[in-house]
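Results of the structural survey
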Amino acid sequence: MVSNKAVVYVKPGEVEVRDIGYPDLVLRDGPGVNPLNVGRKCNHGVIVKVISTNICGSDQHMVRGRTTAPSGLVLGHEITGQVVEVGSDVEFIEKGDIVSVPFNIACGRCDNCRKQDTHICTNVNPDRPGSAYGYVDMGGWVGGQSEYVMVPYADFQLLKFPDRDQALEKILDLTMLSDIFPTGYHGAVSAGVKTGSTVYVAGAGPVGLAAAHSAQLLGASVVIVGDLNEDRLTQARSFGCETVNLREHDDLGEQIEQLLGTPEVDCAIDAVGFEASGHGRDAGEAPATVLNSIMDVTRAGGRLGIPGLYVTGDPGAADKDAKEGTLKIRFGLGFAKAHTFVTGQTPVMRYNRDLMKAILSGRAQIAKAVNATVISLDEAPNGYKQFDGGVSRKFVIDPHNMIKEKSYLTASKQISN
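Rules of the game
Residues numbered from 1 in each chain as written. Predicted model: local features only at pLDDT ≥ 70, side-chain atom pairs only at ≥ 80, totals over all residues. Heavy atoms only, no water. Patch = residues over 30% accessible without salt bridge, like charges linked within 9 Å, V, L, I, M, F, W, Y side chains within 5 Å. Areas by Shrake-Rupley, 256 points an atom, 1.4 Å probe, with all protein chains shown as cover. Salt bridge = Lys/Arg side-chain N within 4 Å of Asp/Glu carboxyl O. Helix = DSSP H or I, 4+ residues; strand = E, 2+ residues; numbered from the N terminus. Buried < 20%, exposed > 50% of the residue type's maximum accessible area, 1.4 Å probe, protein only. Contact = heavy atoms within 4.5 Å. Pairing = 2+ DSSP bridges. Axes fitted to C-alpha atoms, helices over the stretch in contact; angles between N-to-C directions.

Taken together, the side chains of Ile-329, Phe-331, Phe-335 and Phe-341 make up a nonpolar region of the molecular surface, amounting to roughly 440 Å² of accessible area. Examined against the element boundaries, Phe-331 turns out to sit in helix α12 (residues 331-336).

The following block contains the structure:
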């Protein structure tokens, strides 16, 4: 029998690689699977041999114990691979196709999917609109940090790459299409970035770097990235961003004024989410910090794109309100400045085809922007530890040793213990 090793959440701070068994076209019972989804037949699905699957900051929230994720949950929602089996109801996807899998699981049949709101499909998660692979409270669909994974609704969801050789040559860029690149781009689009915009991006993790690169693609005149981690800020500067170190200086508006001559920007993007830290050397966790600071530095009438993750259940929060996602936000300030807020998961299918074209044409260099770094499946637990420590890398797991090394990568392809 074919093995299927996968990265599994064990307990806060610990993941391990286990054999979870080869998938089939049925959603079986398991950790995190909603009882109403158990036994769900997926003849409209395919089995994908995973070529690349990325570690995401959203995964890290679970691994830190900051969600209600159960032990044994198979992680991973950023998936690119080769179709090796197709269900009887699949018409247009074929064995051998190289495909990107949007992290949103969407049926293509409900009202929301028909409106391209695939991030809030009403037919895939009995708990609430919206679903994802390998994520808490998202219906229990098995994650893709594995050798093989089942993907439902294949004809609707899968983005097929037009040329196999070209896809494998650009796989480190194309692997970002499942989540991080569309998410960063959605943040920039939601913030109203256009030609000449001045943009502030909160957070220089992979999503923040993707948002900054996306803002550049959309024509921003200046992109300023703020973070507490100088290594991540160095990565942002490597592709032309201005930066502000919020550990060294707690007055964001003052730093922006030094760069622009005014303490405000046209628009801002929150790429941090609920595990935000206060500004300054001695500041601790303050989950509303980013939301309040971007309202403060965005001009009246500006827009705020918020792709950073916020949750309804945070057992590790500092106070009772934050445990249920109730944050101390200066909403009155946003009202007074007539700001527009855009929140929620990214509807990946709204953007991934166009971003694929930007990658294949050489216009977008997303792997370079986020410092893509290839590791093996067995190295994934150490990759999680390094990512949690703040290393400025986007770890790309290569379960079958199919990814060619790229000379532009600034980090080692193998990570040390």
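A few words on helix α13 (residues 352-360). Among the residues making up α13, those that are buried are Asn-352, Leu-355, Met-356, Ala-358, Ile-359 and Leu-360. The inward-facing, buried residues of α13 abut β9 (159-160), α4 (164-169), α5 (171-174), α6 (180-190) and α14 (366-370). Once α13 finishes, Gly-362 follows within two positions and takes phi at roughly 90°, a positive value.

Turning next to the sheet that holds strand β13 (residues 265-270). The strand order across the open sheet formed by six strands is β12-β11-β10-β13-β14-β15, and the pairing between neighbours is parallel. Because the sheet does not close on itself, it has two edges, and the strands there are β12 (242-245) and β15 (340-342). In this sheet, adjacent strand axes meet at a mean angle of 20° when their direction is disregarded. Pairing between strand β14 (residues 298-305) and β15: three bridges, direction parallel. Considered in β15, the bridge of Gly-305 is made with Val-342. Contacting β10 (198-202), β13, β14 and β15, helix α10 (residues 289-297) crosses the sheet at an angle of about 145° to β14.

With eight of its nine residues buried, α10 lies for the most part within the structure. Among the residues of α10, Thr-289, Val-290, Leu-291, Asn-292, Ser-293, Ile-294, Met-295 and Val-297 are the ones counted as buried. Those residues of α10 that are buried lie in contact with β10, α9 (252-260), β13, β14, α12 and β15.

Bringing the pattern of salt bridges into the picture now. Between side chains of opposite charge, a pair can form as their charged atoms come close. Counted under the stated rule, the structure contains 14 salt bridges. We note a salt bridge from Glu-275 to Arg-64, for which the minimum N-O separation is 3.2 Å. Here Arg-64 lies in the loop between α1 (57-63) and β6 (79-86) and Glu-275 lies in the loop between β13 and α10, a separation of 211 residues in the sequence. Taking the relative accessible area as the measure of exposure, Glu-275 reaches 18% and is therefore buried. The closest approach of N and O atoms between Arg-66 and Glu-275, which form a salt bridge, is 3.4 Å. Within this pair, whereas Arg-66 is found in the loop between α1 and β6, its partner Glu-275 is found in the loop between β13 and α10, the two being separated by 209 residues in sequence. Here Arg-66 and Glu-275 have matching classes, each one buried. Because the salt bridges share partners, they merge into one network encompassing Arg-64, Arg-66, Glu-275, Asp-314 and Asp-388.

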